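Breakdown of the fold
The lines below spell out each chain.
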Amino acid sequence: MAIIKQYDKRSGITYAYESHSYWDPEKKMTRAKRKLIGRVDPETGEIVPTDGRNRKCKTAAMDSADYKKMYEKLLKKYEAQETLIESLKKQIKELKGY
């Protein structure tokens, strides 16, 4: 097994893969299977583990401040929807002529 570094031109990120070579009897040639290990940090050159979908590690726990921000964001969205519903109800009444 070998570690291969591959540069992505579109994003400008270098990824590290674990490569495993094997013989394919059907095609009668060697093939390679790659598994993503993570990103290569440009400053230090060390490999930062990732799951390949640009998401944080599952073990990282959210603190209470994150929940508070999420709650406030949802509350604002709810209030905006309530305001929209009320204004639409008024417009319906005006159109009906009540």
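Up top is the structure these notes are about.
Cut-offs applied
Residues numbered from 1 in each chain as written. Predicted model: local features only at pLDDT ≥ 70, side-chain atom pairs only at ≥ 80, totals over all residues. Heavy atoms only, no water. Phe/Tyr/Trp six-rings, centres within 6.5 Å; stacked < 30°, edge-to-face > 60°. Lys NZ or Arg CZ within 6 Å of the ring centre and 35° of its normal. Pairing = 2+ DSSP bridges. Helix = DSSP H or I, 4+ residues; strand = E, 2+ residues; numbered from the N terminus. Salt bridge = Lys/Arg side-chain N within 4 Å of Asp/Glu carboxyl O.

The geometry of two aromatic rings is summed up by the distance between their centres and the angle between their planes. In this structure the tally under the stated criterion is zero aromatic pairs. Sitting over the face of the ring of Y22, K33 holds its NZ or CZ atom 5.3 Å from the ring centroid. In this arrangement the basic side chain of R34 is found over the ring face of Y17, its NZ or CZ atom lying 5.8 Å from the centre.

This part covers the pairing of strand β1 (residues 2–8). Sheet analysis places β1 next to strand β2 (residues 13–24), joined by seven bridges and oriented antiparallel. Counted as the bridge partner of Q6 is Y15 from β2. With antiparallel pairing between neighbouring strands as the criterion, β1 and β2 make up a hairpin whose turn holds four residues, including G12 at a positive phi of roughly 80°.

The full count for this structure, using the stated rule, is one salt bridge. Across the salt bridge formed by D8 and R10, the nearest N and O atoms sit 3.7 Å from each other.

These figures capture arrangement, not role.
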